[in-house]
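Okay, here's what each chain looks like letter by letter:
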Amino acid sequence: MLNSNEANAAQTTSSAEASQPGAGQFAVHQSPPSMWPDFMTGQVEKPVRVLLVDDDPHMRRVIAQELMADERTMLVAQAGSVREGRKAIKQHEFDVLLVDLQDLGCRIYTFITTLRYLLEAAAEHGKSVCILDRPNPAGRPVEGLTLRAGWESFVGAGPLPMRHGLTMGELARWFIATLKLDVDCQVITMEGWAPDAAPGYGWPIDERSWVNPSPNAPNLSMARAYAGTVMLEGTTLSEGRGTTRPLELFGAPDIDARKVIAEMQAFAPKWLAGCRLRECWFEPTFHKHVGQLCAGVQIHVEDPTHYDHAAFQPWRLQALAFKAIRRLYPDYPLWRDFGYEYEFDRLAIDLINGSPLLREWVDAPSSTPPDLDALTQADEAAWLETRSRFLLYR
């Protein structure tokens, strides 16, 4: 599979696909004849002016070098974040906004919000956008409640489920259609991406080394579990920050991990499919419970013998862990009340889930797994239907 961060991933316009959904003009480019597609190459005497937004400093330098090596393109500015990108859009004259961001396949990951903001800014200023598409390491499965109206935030860019199953290029298509943006947006697609193929199921293990898209995203196992373990950020439990396995495990000094696992197995065994749970002990070197020995549970999804991509449900698994703790310790101070991602008036767990529904299910003494499924399955089915017309890889 070609790396969309490299110039040989650039591809030419397909007129049949240029009429894909969205209020703005949207094209998908395939089969490159040269380093960059036609819309990104001008003439030597009048080069196309490019503003580059890339979260990876190394790849930003690589792409910048390629742009500067072609006399038909002119790199006018670079940005490594949404704040820098929005500022650069206002400060510089350019023709194309080139966006290269690695998502983790989870609604809460803020690069999705970054993408939305950049598309909105480009539409406001009448600029073209080019998305260098990248693999979704969590693959195509869909899981979780859809963000409810009024719950939009920096960790909730729109009415998506927690695990959305789209690439950044596909998300751009969805944003343009949903927000009715009038913007010229081009996607440089990947070649040969097979999200349902083993052993990577979205991540090309045999072709791409893992490079952390953020400090606590150190490997593919974290990306697979993240749609569930990210909810730990809204709790008093440690999510493993300050250890070598962040967002793959959880725990606290005052819980019995063995009893938690047993309660999970008794209450909703089907939600534990596709992975292995292991009782463990860890001591965070920073963040929650720093310097304290925590009893914990590690979620193992790296072993192909036990990992079942289609069966694994990280969001339900983590919801089940919360429920098990609530059933074992009814008065446990589970929900953390603190300022979270620029929000101070709403609980972090509710912002993360895009509504209070998950928290209310955990706290209700009589709630059952079918109760949560009844809420969630309708959202998941609706999203599968909605997203189908925005898929670029089938």
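Everything below is about the structure printed above this text.
About the criteria used
- Residues numbered from 1 in each chain as written.
- Predicted model: local features only at pLDDT ≥ 70, side-chain atom pairs only at ≥ 80, totals over all residues.
- Heavy atoms only, no water.
- Pairing = 2+ DSSP bridges.
- Helix = DSSP H or I, 4+ residues; strand = E, 2+ residues; numbered from the N terminus.
- Axes fitted to C-alpha atoms, helices over the stretch in contact; angles between N-to-C directions.
- Parallel < 35°, antiparallel > 145°, perpendicular 65-115°, else oblique.
- Left-handed = near helix turned anticlockwise from the far one by under 90°.
- Contact = heavy atoms within 4.5 Å.
- Nonpolar A, V, L, I, M, F, W, Y, C, P; charged D, E, K, R; others polar.
- Salt bridge = Lys/Arg side-chain N within 4 Å of Asp/Glu carboxyl O.
- Buried < 20%, exposed > 50% of the residue type's maximum accessible area, 1.4 Å probe, protein only.

(A) Focus on the sheet that holds strand β10 (residues 294-300). Sheet architecture is open: three strands sit in the order β8-β10-β9, paired in antiparallel fashion. Looking at which strands have only one partner, the edges of the open sheet turn out to be β8 (249-252) and β9 (276-282). This sheet shows a mean twist of 25° between the axes of neighbouring strands, independent of strand direction. Bridge analysis of β8 against β10 gives four bridges, and the strand direction is antiparallel. Paired with G251 across the strands is G296, a residue of β10.

(B) Structural detail: the packing of helix α6 (residues 257-267) against helix α7 (residues 314-328). Running from N to C, α6 and α7 cross one another at 110°; their axes reach a closest spacing of 9 Å. In terms of axis orientation, α6 runs roughly perpendicular to α7. Once α6 is placed against α7, the crossing between them reads as right-handed. Across from K259, V260, E263, M264 and F267 in α6, the residues of α7 making contact are L317, L320, A321, K323, A324, I325, R327 and L328. Here the residues of the contact of α6 with α7 are counted per class, giving nine nonpolar, no polar and four charged.

(C) Quick peek at the pattern of salt bridges. All told, the structure shown has 20 salt bridges when counted by the stated rule. Salt-bridge contacts for R241 lead to E239; the nearest nitrogen and oxygen are separated by 2.8 Å. An identical accessibility class is assigned to R241 and E239; each is buried. In this structure, the salt-bridge partner of E248 is R245, at a minimum N-O distance of 3.0 Å. With a relative accessible area of 0%, E248 lands in the buried category. In this structure R245 comes out as partly exposed when scored by relative accessible area, which is 29%.

Just geometry here; none of it tells us what the structure is for.
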